[in-house]
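Reading the structure
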Amino acid sequence: MKRVVIFTIGLSTLLSSGCAVQKNWAATGGSRSDGTIRLSYEVGEFEQAHLSERQAVLLATKRCRVWGYRGAEAFGGVTRQCNRFGGFNGCANWTVTKEYQCTGTGQPASR
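Summarised in this report is the structure supplied together with it. These numbers were taken from a predicted model, which means no experiment stands behind them.

1. Describing the nonpolar core
Counting 18 residues, the largest nonpolar core has Ile37, Leu39, Ala60, Cys64, Tyr100 and Cys102 as the members making the most contacts within it. Per element, the largest residue contribution to this core is five residues, and it comes from strand β6 (residues 91–103). Each residue touching Cys102, except ones within four places of it in the same chain, is listed here: Gly35, Thr36, Ile37, Cys64, Trp67, Tyr69, Gly71 and Ala72.

2. Quick word on the state of the cysteines
Taken as a whole and judged by the stated rule, the model has two disulfides. Linked covalently through their sulfurs, Cys64 and Cys102 form a disulfide whose S-S length is 2.0 Å. Between Cys64 and Cys102 the sulfur-sulfur dihedral comes to about -75°; the bridge is accordingly left-handed. Taken together, the residues Cys64 in helix α2 (residues 53–66) and Cys102 in strand β6 connect sequence positions 38 residues apart. Residue Cys64 shares its accessibility class with Cys102, and that shared class is buried. There is a disulfide in this structure between Cys82 and Cys91, and the S-S distance comes to 2.2 Å. In this structure, the disulfide formed by Cys82 and Cys91 twists by about 110° around the S-S bond and is classed as right-handed. The buried category is assigned to Cys82, whose relative accessible area is 18%. For Cys91, a relative accessible area of 3% corresponds to the buried category.

3. Thoughts on α2
When the terminal C-alpha atoms of α2 are compared, their 20 Å separation across 14 residues agrees well with the 20 Å that a helix rising 1.5 Å per residue should span. Buried within α2 are the following residues: Ala56, Leu59, Ala60, Thr61 and Cys64. Buried residues belonging to α2 abut β2 (26–31), β3 (36–44), β5 (71–85) and β6. Two residues or fewer after α2 comes Gly68, characterised by a positive phi angle close to 95°.

4. Points about the environment of Ser40
Take Ser40: it is sitting in strand β3. Look at Ser40 and you get buried, because its relative accessible area is 7%. The spatial distance from the C-alpha of Ser40 to the C-alpha of Ala26 is 5.4 Å, given a sequence separation of 14 residues. If sequence neighbours within four positions are ignored, Ser40 has contacts with Asn24, Trp25, Ala26, Thr28, Thr95, Val96 and Thr97. Polar side-chain contacts of Ser40 include one of 2.8 Å to the side chain of Thr97.

Definitions and limits used
- Residues numbered from 1 in each chain as written.
- Predicted model: local features only at pLDDT ≥ 70, side-chain atom pairs only at ≥ 80, totals over all residues.
- Heavy atoms only, no water.
- Core = buried A, V, L, I, M, F, W, Y, C linked by side-chain atoms within 4.5 Å.
- Buried < 20%, exposed > 50% of the residue type's maximum accessible area, 1.4 Å probe, protein only.
- Helix = DSSP H or I, 4+ residues; strand = E, 2+ residues; numbered from the N terminus.
- Contact = heavy atoms within 4.5 Å.
- Disulfide = S-S within 2.5 Å.
- Expected span 1.5 Å × (residues − 1).
- Polar contact = N/O pair within 3.5 Å; in protein donor to acceptor, adjacent residues only side chain to side chain.

Laid out in structure tokens, this is it:
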């Protein structure tokens with residue numbers, strides 16, 4: 001009986017700890033007129049995403065500069081949307097999205 005309990009505890013610890021995975025933000029939307037950029041990444045049920053906030057800000061800033069803004073700042077939190085139902089927690093794959101506000105005037109970049 002002790003072996004079954006120890007095995008069950010070990011298995012549940014392994015499943016809940018997940019795998020550490022390096023993820024990168026990708027631009028997935030935005031609005032030039034609103035000066036907003038949406039960045040997202042996907043994460044599996046047992047993955048623990050490691051992200052670089054610096055990479056996210058640089059990517060958002062780059063997108064904003066194309067529209068003539070000076071930079072970008074994160075605002076609000078993140079949203080999670082289930083892409084594939086199933087698994088132990090009800091969702092096997094998530095899309096996580098964070099929104100950034102462009103800063104500056106929003107004038108077309110001069111060439």
